[in-house]
Amino acid sequence: MQKASLDTVTMLMLPLRLYLIKLVMDRIQQWGQPTSDRESLFLACAGLALLMTAAAFIGSSSLLKHTRIYEIGTLLKERLIVEKTASLPLRAVETPSVQDVRRRALLYAPDAVCLEGMSLLIQSMQAILLTGLICWMGYWPLAVGLLLLGCGQSWLYAAIGSRLERTQTKQATSLRLADHLHQLLIAEVPAKEIRIFGLHSLLQQRWLDYSRDAGKQNEQAVARSERQKLLPELSFSLISGIAILLIILSSSTNISTAGDYVVLFQCVTLLAGAIPSVVKQVGSLSQMAVHCENFKAYIQHPDDRTTYNHNQQQRGNIPEQASGPIGLRTEQLTFRYNVSPTDRLAALDDISFEMERGTKIAIVGENGSGKSTLVKLLLGLYRPDAGEVHWLTKEGNVQAGHPTYRTAAVFQDFNRYQMRLRDNVAIGDVMKVTDDAAITEALAKAGLREWHTSLDDTIGTAFGRFDLSGGQWQKVAAARAYMRGDCFLVFDEPTSALDPQAEREAFADFLRAAEGQTAILVTHRLGAAKLADTILVLKDGRLVEQGTHAQLMTAHGEYERLYRLQAAWYV
Amino acid sequence: MTMYIQRAASIIRLLKLIVKQNPRLTILWMLIPLLSGFVIVPLAAAERHLIDTAINYAGSGRARILQAAWPSLVTLAAASAGAVFLGMMKRLTDTYMANRASRQLMMEIQSHAIHVPLEQLESPDYYDRLSRAQAAAGQALTSILFSTAETIRLTCALAGMIVVAASGHWAIAAMLFTVSAIVLIQRVRLEITVKQAARALTTDGRMADYLKQSLAEPSVLKELKVFQALSYMIEQWFGRVRTYEITRNNYRRREGRMAAWFGLSFLLLLFASLAIIIGQLDQRTVTVGTAAIVFQTILQAQGVPLQMSWSLSRLYIQGAQASDLADFVNGSIPLHAHQQLAWNEAIHTIQFDNVGFRYPGAHSDVLRGLNMTLRAGQTVALVGDNGAGKSTFVKLMLGLFEPTEGRILINGHDIRHLNRQSLYTQLSAVFQDCGHYPLTMREYVTAGSSSAAASSDDREIQRVLQLCGLHSLAEGSHGLDQKLTNVWADGRELSGGQWQRLAISRAALRSSSVIALDEPTSAVDPSGELELYNMCKALSTGKLAVFVSHRLGWARYADRILVLHDGNVVEDGSHEQLMALNDRYASSFRSQASWYEPEQLNTAAL
């Protein structure tokens, strides 16, 4: 919000301005008398006019400076936060507490701090100047009283300001719940359920309760802070009244001119206005200090070392990309999600295996067995809690996630970017974003051979004119992975929304595109898994079986049991 | 010009809605800024009197001065105290008003979403209007209320200042009014231009916001890290943000340049007023006090058009959203007057009599010419490609949609005349995307239970949960009081498969005569699938069960299979009959079965 804050020069012009006003008022008072000096009145007016014109132009130029500060400040902060989020380890980003810290860090506004700080400085100096003038005119007890009260107020405001901040953080849970319920009640998808089961009265009642609760907490907090501010503010205006009383009473002894009174009134009024505003600025600066703390807390969060370094590099020069398939090795890999102490399930426990370069691996297991977690560890997105994950390359063994080796994945929750079709696919290899041939080829590999739009059309309902179907989006996501020929490829069950025919085609496309590469297919359709070279069977976070389809069928273990279960539907 | 009037009208309509529910609060909320603005009049009058008293009684005794000055002193004290109180009250009423208005309007939107016919809710047009109304009921509403209160206060403040100026000379008041009006109009127009270049209103800005939000989502970050495309996305975002900021700040700079001219016009006004006052000095109709406060007031008046331009421009911009909200909420909800017959018997037959269905506003039918009778005790499988109309069929059968052609008869009664609430209690369903409700497990699972005793029968609940494979959840540390979803700090987020099993448990706990299952196992893994299939089979004994599935393995064991293609039922029979027919169903089945053929290990078979 733009505030017409005082500039230093304007402030310095204040005494001169007051002097001229005094002159004008004195001359007005003497108007009817023989000693009146009309010329000097006009001169004084002219002088005043000149001074104020100058102030107007100076004020406008300071506004321009403010805009520039605002521009730089906002852009800088936003960029810092976005880059920080990108460089955090994935695990941190998934944690709700880190997400909360990020939300709070966004409230920080460095430009506002700068401007408020400047403004505070100038206003305080003006307050001191006015106090000096009042003392010079002989009413020093007044000035002292006003100043003391002002200091007391500023301390109080700071305390109230930060307490209000903290309350707002606490009401977050009720608000979140109310918001979640409201979204459910108005969304299309749950509407069928809500009608059939008559859930609306329960959900609406709950929403009302949480909403009222959050509202009441908020209102109580505001009321409390207002009550606390009431007494200081009242005493402040009363002091101004007392000040004026003293001035009046002293006129019985000192005979001053009209100009003196007017200037004195002006000073007292200005000071009475300046001190509360200084106090408020101190309050808001203290709030901003809290925001600054939050911002720093977020920025100082530890980075993810390997991938971050790569992204730093990419802005400068293009690093040398090693090619050739990689092998995988894990040793006693263990990983746990940070959940509450009561849910002590290990996501992965003591997994060890080794795969040669160029193998097609299928990872199978029931839901919750840890397949997706294993894949993320193999891709280097998570760091293990214990044990190791290595990539076996021609140049030697490196830690999983090393930036020189390319990876590609189609996840279950693949993203539908509301951007151009070109961008959606070229994410797989951003260097080729303008290479139409490469993009078209990748789309063809994913099974999308004709489409009725150009690559530069924006797809998706947010900014585009139309949306793709679920199946088409899945093919676009797969095309992303097929952009580069030589990388470690992962396909993590992205086909749950497809009908069986489309699913088969997707698997076929994947295996074709993974020719010569190391590839992982995560699925529970064991009919597809048997096409792989090796199958890893996970159960409850442990690797229970490993081998080819034929081997596992003769082993009569978990795999064979699952396979027979699925085959039973058809055979 | 008409735009301004239209927007003002929308805001007034919105306020009328709020007044109806909270009359006293709204009046208080409007009165306080009014008084707050006018408090300047007694304040200025008291000051003038005090200055004059001080000058006129200079040199006289204290008692005399006090006697002359005390009324003004009291007025001054009262006015200052009043200003402080009003300021505090304003902040309080702003908060109360924002909370209540927001709650009221959100509840209205919810009522619309709940009572409007489902086919309308699912049509993109209506849903778009709902989303826009929803967006307006959030931040925009609070901002509209605040800006309205500010506008009222500032208008009254300006009016008060004009009154004070008139105490000098009416010409001064007239000039103040004119200059303020001109400066205000210029500033408002400028402000509106700046705001229309705002982030939420321009494509660049909205895209920048979307990208920034995506760059904080774990699923996006995960994908971009894998493809090493993070820097690319960040540059895309930053490029747009910079464009947006530069455009916006250029407007600000223009404003800064114009600010000097606005200041000048007030200066002219100031000295013109001084001239007038000086001119009047000969007639002795004005005092020094008057001169002083007129001078001071005009200086103060300079800030008013600036602040008013902020509130007015905000109101203009948000007037568009106000109209979205007001129009949506004022829209009528159909009363379903024709749905009078209450229903409380078990359902034996559901008959489709030449039924056709088309979404409102669509060009073609989704389903047409459906003729069949479904009976209790039958298990019916609905198969067909995506988009063939399977889900629509289920919604028609459950009475969620009304057919646009033909009739649906429940036990011989036309569904159009039946009271839906009571009908639904006889139905049960599990849909593909079940909502993640922040409730306790017990509440979730019994929300739809028809038997009153069941809500306290924990053993029954435990039994059903056990059957659905959720015993680990049910026996967790909080048992059935475990809160679901991680919206709560101590809540538990379930996996997709667990949510689906929970939804099936809920359907199981309800004793109904008809059950529909729309792809209930899409998120469940194969061994879970068998378990669930058996569960569903147990659930469906004696009932009419319709399920929709891609996996033809399920369809195989149904009593009757309906094959949908292009909006029509093309095949209807048992598995053996359709395999013998050797048409669409047979070829799909063989294709799915081929995955599990014992010796086919080559990719060429796909």
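Here the structure is a predicted model, which is why all the values come from computation and not from measurement.

Novice: Just checking my understanding: could you explain the overall build of chain A for this structure?
Specialist: A count of helices and strands for chain A gives 20 helices and ten strands. Burial analysis of chain A (571 residues in total) assigns 54% to the buried set. A sequence separation of at least 24 residues applies to 72% of the contacts in chain A between residues at least 6 apart. For chain A, the accessible surface area stands at approximately 24,400 Å², while carbon and sulfur atoms represent 57% of it.

Novice: Sorry if this is basic, but what is going on with the packing of aromatic side chains here?
Specialist: Given two aromatic rings, their pairing is described by the distance between the two centres and the angle made by the two planes. Residues and elements named next belong to chain B. Taken as a whole and assessed by the stated rule, the structure comprises 18 aromatic pairs over all chains. With centroids separated by 5.7 Å and ring planes inclined at 80°, the aromatic side chains of Tyr 359 and Phe 401 adopt a geometry described as edge-to-face. Here Tyr 359 is found in the loop between strand E1 (349-357) and strand E2 (367-375), whereas its partner Phe 401 is found in the loop between helix H13 (390-397) and strand E4 (405-410), with 42 residues between them in sequence. With a relative accessible area of 22%, Tyr 359 lands in the partly exposed category. It is Arg 7 that lies over the ring of Tyr 316; its NZ or CZ is 4.5 Å from the centre.

Novice: Hey, could you run me through the sheet that holds strand E2 (residues 348-355) of chain A in this one?
Specialist: Strands belonging to one sheet form pairs held by backbone hydrogen bonds; the direction of such a pair is parallel or antiparallel. Residues and elements named next belong to chain A. Read from one edge of the open sheet, four strands run E2-E1-E4-E5, paired in antiparallel fashion. A strand with exactly one partner marks an edge of an open sheet, and here the two such strands are E2 and strand E5 (396-399). The mean angle between the axes of side-by-side strands here comes to 20°, regardless of whether they run parallel or antiparallel. Summarising the sheet, strand E4 (residues 386-393) and E5 pair through four bridges and their orientation is antiparallel. When the bridges of E5 are listed, Trp 391 appears paired with Val 398. Docked against the sheet, helix H13 (residues 371-379) engages strand E1 (327-335), E2 and E4, running at close to 120° with respect to E1.

Novice: So what exactly am I meant to see when it comes to empty space enclosed by the protein here?
Specialist: One way to see where empty space is left: roll a probe the size of a water molecule over the atoms. Under the definition given, this model contains 13 cavities of 30 Å³ or more. In this structure, the largest cavity encloses a volume near 180 Å³. Lining the largest cavity are 15 residues, and of these A:Arg525, A:Tyr570, B:Arg551, B:Gln592 and B:Tyr596 sit closest to its centre. Counting only elements with at least two residues in the lining of the largest cavity, the list comes to helix H17 (500-513) of chain A together with helix H19 (526-540) and helix H20 (552-556) of chain B. At three residues, the largest contribution of residues to the lining of the largest cavity is made by H17(A). Residues that form the lining of the largest cavity fall into these classes: seven nonpolar, three polar and five charged.

Novice: It is not clear to me how a nonpolar patch on the surface should be interpreted in this structure. Could you clarify?
Specialist: A cluster of nonpolar side chains, contributed by B:Met1, B:Met3, B:Tyr4 and B:Ile5, occupies part of the molecular surface with about 440 Å² of accessible area. Within the fold, B:Ile5 resides in helix H1 (residues 2-21).

Novice: Explain the UniProt feature "transmembrane region" (unreviewed entry) in chain A here, please?
Specialist: The positions UniProt marks with the feature "transmembrane region" (unreviewed entry) are residues 41-64 and 230-249 of chain A. For residues 230-249 of chain A, helix accounts for 100% and strand for 0%, while the C-alpha atoms at its two ends are 29 Å apart.

Novice: How should I be thinking about the UniProt feature "transmembrane region" (unreviewed entry) in chain B in this particular structure?
Specialist: Residues and elements named next belong to chain B. UniProt records the feature "transmembrane region" (unreviewed entry) for residues 25-45, 65-87, 140-162, 168-185 and 258-278 in the present numbering. Annotated as residues 65-87, this span is 100% helix and 0% strand, and its ends, taken at the C-alpha atoms, are 32 Å apart. When the span residues 258-278 is considered, its composition is 100% helix and 0% strand, and the gap between its end C-alpha atoms is 31 Å.

Novice: What is the right way to read a positive patch on the surface from this model?
Specialist: Residues and elements named next belong to chain A. Taken together, the side chains of Arg 163, Arg 166, Arg 224 and Arg 227 define a basic patch exposed on the protein surface. Residue assignment for the positive patch shows that the elements contributing at least two residues are helix H7 (140-170) and helix H10 (200-250). Within the secondary structure, Arg 166 is located in helix H7. Exposure remark for Arg 166: the relative accessible area of 54% places this residue in the exposed category.

Novice: Can you walk me through unusual backbone geometry in this structure?
Specialist: What is expected of a backbone is that most residues other than glycine have negative phi and most peptide bonds are trans. A positive phi angle, near 45°, is found at A:Gln332, a position not held by glycine. With respect to the secondary-structure elements, A:Gln332 resides in strand E1. Of note, the phi angle at B:Gln228 is positive, near 50°, even though the residue is not glycine. For B:Gln228, a relative accessible area of 7% puts it in the buried group.

Novice: In this structure, what is going on with the environment of B:Ile18? I would like to understand it.
Specialist: Residue and element names in this part refer to chain B. Assignment of secondary structure puts Ile 18 in helix H1. A sequence separation of 285 residues divides Ile 18 from Gly 303, and the C-alpha atoms of the two residues are 31 Å apart. Those residues within four positions of Ile 18 in sequence are excluded, and the remaining contacts are Thr 26, Met 97, Ala 101, Gln 104, Leu 105, Leu 141 and Leu 145.

Novice: Explanation requested: the pairing of strand E7 (residues 488-492) of chain A in the structure shown.
Specialist: Regular strands show a simple pattern: their side chains alternate between the two faces of the sheet. Residues and elements named next belong to chain A. Across the five residues of E7, five count as buried, placing the element largely inside the fold. Covered by surrounding structure in E7 are Phe 488, Val 490 and Asp 492 together with Leu 489 and Phe 491, the residues of both alternating faces. Bridge count for strand E6 (residues 407-410) against E7 is four bridges, and the pairing is parallel. Along E7, the bridge assignment pairs Ala 408 with Leu 489. Both E7 and strand E8 (residues 519-522) contribute to a ladder of four bridges, which runs parallel. Residue pairing across strands places Asp 492 opposite Val 522, the latter belonging to E8. The handedness of the E7 to E8 crossover, carried by H17, is right-handed.

Novice: Just to check I follow, could you spell out the nonpolar core for this structure?
Specialist: In summary, soluble globular proteins display a tendency toward joint burial of nonpolar side chains. Core analysis: the largest hydrophobic core is formed by 216 residues, its most contacted members being B:Leu325, B:Ile350, B:Phe352, B:Leu374, B:Phe393, B:Met397 and B:Leu398. Of all the elements, helix H6 (residues 124-166) of chain B adds the most residues to this core, at ten residues. Residues within four places of B:Phe352 in sequence aside, it is in contact with B:Leu370, B:Asn371, B:Met372, B:Leu374, B:Phe393, B:Leu396, B:Met397, B:Arg407 and B:Ile408. In terms of nonpolar packing, the next biggest core, distinct from the first, is built from 87 residues, A:Tyr139, A:Tyr261, A:Cys267 and B:Val304 among them.

Novice: Would you mind showing me how to read helix H16 (residues 470-481) of chain A here?
Specialist: Counted at 1.5 Å a residue, the expected span for H16(A) with its twelve residues is 16 Å, and the 17 Å between its end C-alpha atoms agrees. Taken residue by residue, H16(A) has A:Trp473, A:Gln474, A:Val476, A:Ala477, A:Ala478, A:Ala479, A:Arg480 and A:Ala481 as its buried positions. Its buried side turned inward, H16(A) meets E6, helix H14 (421-426), helix H15 (436-445), E7 and H17 of chain A together with helix H9 (218-227) of chain B.

Novice: What is the right way to look at the pattern of salt bridges in this model?
Specialist: A side chain of one charge can pair with a side chain of the opposite charge if their charged atoms are brought near each other. All names here are of chain A. On inspection of all chains with the given rule, the structure shows 50 salt bridges over all chains. The salt bridge involving Glu 78 is made with Lys 77; its shortest N-O contact spans 3.7 Å. Classification of Lys 77 by relative accessible area gives buried; the value is 8%. Put simply, Arg 420, Arg 422, Asp 423, Asp 436 and Asp 456 are held in one network by salt bridges that share partners.

Novice: It is not clear to me how the domain arrangement of chain B should be interpreted in this structure. Could you clarify?
Specialist: Interface size is often expressed as the accessible area that is lost when the parts come together. All names here are of chain B. One can read the domain layout of chain B as domain 1 (2-330) and domain 2 (349-597). Just the C-alpha atoms count here: the centres of domain 1 and domain 2 sit 54 Å apart. Counting residues at the interface gives five residues for domain 1, matched by seven residues for domain 2. Both faces considered, domain 1 and domain 2 share a buried interface measuring about 520 Å² in area, 62% of it formed by carbon and sulfur atoms. Of all residues in domain 1, Leu 118, Glu 119 and Glu 122 bury the most surface against domain 2, accounting for 84% of the area lost on that side. Put simply, domain 1 and domain 2 have one salt bridge between them. Notably, a salt bridge pairs Glu 122 with Lys 395, separated by 3.0 Å at the nearest N-O pair. A breakdown of the residues in the side of domain 1 that touches domain 2 according to their chemical character gives one nonpolar, two polar and two charged.

What counts as what
- Residues numbered from 1 in each chain as written.
- Chains lettered and ligands numbered in written order.
- Predicted model: local features only at pLDDT ≥ 70, side-chain atom pairs only at ≥ 80, totals over all residues.
- Heavy atoms only, no water.
- Helix = DSSP H or I, 4+ residues; strand = E, 2+ residues; numbered from the N terminus.
- Buried < 20%, exposed > 50% of the residue type's maximum accessible area, 1.4 Å probe, protein only.
- Contact = heavy atoms within 4.5 Å.
- Areas by Shrake-Rupley, 256 points an atom, 1.4 Å probe, with all protein chains shown as cover.
- Phe/Tyr/Trp six-rings, centres within 6.5 Å; stacked < 30°, edge-to-face > 60°.
- Lys NZ or Arg CZ within 6 Å of the ring centre and 35° of its normal.
- Pairing = 2+ DSSP bridges.
- Axes fitted to C-alpha atoms, helices over the stretch in contact; angles between N-to-C directions.
- 1 Å grid on protein atoms, 1.4 Å probe; cavity = no way out; pocket = protein on both sides within 12 Å on 5 of 7 lines; lining within 4 Å.
- Points joined across faces, edges and corners; volume = space filled by probe spheres on them.
- Nonpolar A, V, L, I, M, F, W, Y, C, P; charged D, E, K, R; others polar.
- Patch = residues over 30% accessible without salt bridge, like charges linked within 9 Å, V, L, I, M, F, W, Y side chains within 5 Å.
- Salt bridge = Lys/Arg side-chain N within 4 Å of Asp/Glu carboxyl O.
- UniProt positions renumbered as here; feature names shortened; annotations may be inferred.
- Lys, Arg positive; Asp, Glu negative; His and termini not counted.
- Charge placed at Lys NZ, Arg CZ, Asp CG, Glu CD.
- Right-handed = clockwise from strand over helix to strand, strands pointing away.
- Core = buried A, V, L, I, M, F, W, Y, C linked by side-chain atoms within 4.5 Å.
- Expected span 1.5 Å × (residues − 1).
- Domains from an automatic or database assignment.
- Buried area = accessible area lost by both parts, 1.4 Å probe.

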